[in-house]
Amino acid sequence: QVQLVESGGGLVQPGGSLRLSCAASGSIVSINTMYWYRQAPGKPREWVASITPSGTDRNYVNSVKGRFTISRDNAKNTVYLQMNSLKPEDTAVYYCNAMIVDRTTLRASAYWGQGTQVTVSS
């Protein structure tokens, strides 16, 4: 069984930094592009960033460009989101997502983590 587990959320003051991690575990053959999403209260889930398997292509929503950096460690099946210069409007539950080929089925399926809360407040 494949699962994604996020960590690293918390409470931080405006201008501060946090680093989120999302580790995939289970019977994994390969992991395709990995994504970070976020959902603020009363708002739809929003795509934040993505990174291809090689790490060469990284994309960001405009509101986080220059402040957030996505990276991955394929040896650890882990994706990271370094968040700097945090603003109150970054407050949300952050989720990771990936298409993962399961060793049992040899098919790619979409997996989501359980989410980690990020609160930016003074």
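Refer to the structure printed above.
These numbers come from a predicted model, not from an experiment. (Residues numbered from 1 in each chain as written. Predicted model: local features only at pLDDT ≥ 70, side-chain atom pairs only at ≥ 80, totals over all residues. Heavy atoms only, no water.)

Asker: Is there a simple way to think about the pairing of strand 5 (residues 46-51) in this case?
Answerer: Side-chain positions along a regular strand alternate between the two faces of the sheet. Across five bridges, the pairing between strand 4 (residues 28-39) and strand 5 is antiparallel. Note on strand 5: the bridge partner recorded for arginine 38 is glutamate 46. Counted along the chain from strand 4 to the antiparallel partner strand 5, the turn is six residues long, and its residue glycine 42 has a positive phi close to 75°. Direction of pairing for strand 5 relative to strand 6 (residues 58-60): antiparallel, over a ladder of three bridges. Each residue of the ladder has a partner; that of alanine 49, found in strand 6, is tyrosine 60. Between strand 5 and strand 6, which pair antiparallel one after the other, the connecting turn spans six residues, and glycine 55 there sits at a positive phi close to 85°. (Pairing = 2+ DSSP bridges. Helix = DSSP H or I, 4+ residues; strand = E, 2+ residues; numbered from the N terminus.)

Asker: In this structure, what is going on with the state of the cysteines? I would like to understand it.
Answerer: Here, disulfide denotes a covalent bond that connects the sulfur atoms of two cysteines. Applying the stated criterion across every chain yields a total of one disulfide. Residue cysteine 22 pairs covalently with cysteine 96 via a disulfide, S to S 1.8 Å. The sign of the S-S torsion, about 50°, decides the handedness of the disulfide formed by cysteine 22 and cysteine 96: right-handed. One end of the pair, cysteine 22, is in strand 3 (residues 18-25); the other, cysteine 96, is in strand 9 (residues 92-102), with 74 residues separating them in the sequence. This pair shows no difference in class: cysteine 22 is buried, exactly as cysteine 96 is. (Disulfide = S-S within 2.5 Å. Buried < 20%, exposed > 50% of the residue type's maximum accessible area, 1.4 Å probe, protein only.)

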